[in-house]
Amino acid sequence: MTNEQVTLDSWVISRLRDRLRRASIIASRTGRPVVLYRHSIEESENSAEEEIATVNEQYVVVQVITHGGFIPPSFQQQFVFTFEQFPDYIMKRSHDLLLRCLDTLDQEIVD
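The structure contained in this document is the topic of the report that follows. (Residues numbered from 1 in each chain as written. Predicted model: local features only at pLDDT ≥ 70, side-chain atom pairs only at ≥ 80, totals over all residues. Heavy atoms only, no water.)

Taken as a whole and judged by the stated rule, the model has 9 salt bridges. Put simply, glutamate 84 and arginine 21 hold a salt bridge, and the shortest N to O gap is 2.2 Å. Here arginine 21 lies in helix H1 (residues 3–30) and glutamate 84 lies in the loop between strand E4 (71–81) and helix H2 (86–93), a separation of 63 residues in the sequence. Linking glutamate 50 and arginine 38 is a salt bridge whose minimum nitrogen-to-oxygen distance equals 2.7 Å. (Salt bridge = Lys/Arg side-chain N within 4 Å of Asp/Glu carboxyl O. Helix = DSSP H or I, 4+ residues; strand = E, 2+ residues; numbered from the N terminus.)

Moving on to H2. Within H2, burial applies to Phe86, Pro87, Ile90 and Met91. Down the axis of H2, the buried set is contained in an arc of 125°. They therefore lie on one face. (Buried < 20%, exposed > 50% of the residue type's maximum accessible area, 1.4 Å probe, protein only. Arc of directions from axis to C-beta.)

With respect to topology, 4 strands assemble into an open sheet ordered E1-E2-E3-E4, the strand pairing being antiparallel. At either end of the open sheet lies a strand with only one pairing partner, and these are strand E1 (34–43) and E4. When the angles between neighbouring strand axes are averaged without regard to direction, this sheet yields 20°. Its contacts with the sheet put helix H3 (residues 95–108) on E1 and strand E2 (48–55), and the angle it makes with E1 is roughly 145°. (Pairing = 2+ DSSP bridges. Axes fitted to C-alpha atoms, helices over the stretch in contact; angles between N-to-C directions. Contact = heavy atoms within 4.5 Å.)

The values are spatial; any link to function lies outside them.
So, in structure tokens, the structure goes:
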């Protein structure tokens, strides 16, 4: 990895951490979490499995939920991250999801 890439990655991580903290203030004021992204994992005719990431007052929560059709909604997995941990996790996981998080946060947070 080049020096420029490390610097850019550090800037993106820093920006995301700042935006997550700001979103937590919004979540605290409204009493509702801020949705970072919804990502469909698998869909059939009447049911779906999707991953949903939200920001609450203190954490980023990533949940995998199955719902629809005759399937009652159920949580398949749940991960809880601090605002320090989540940017590293999402950057390693998917640049597309990282960009979706930043876009969503930029829309939610008005300077």
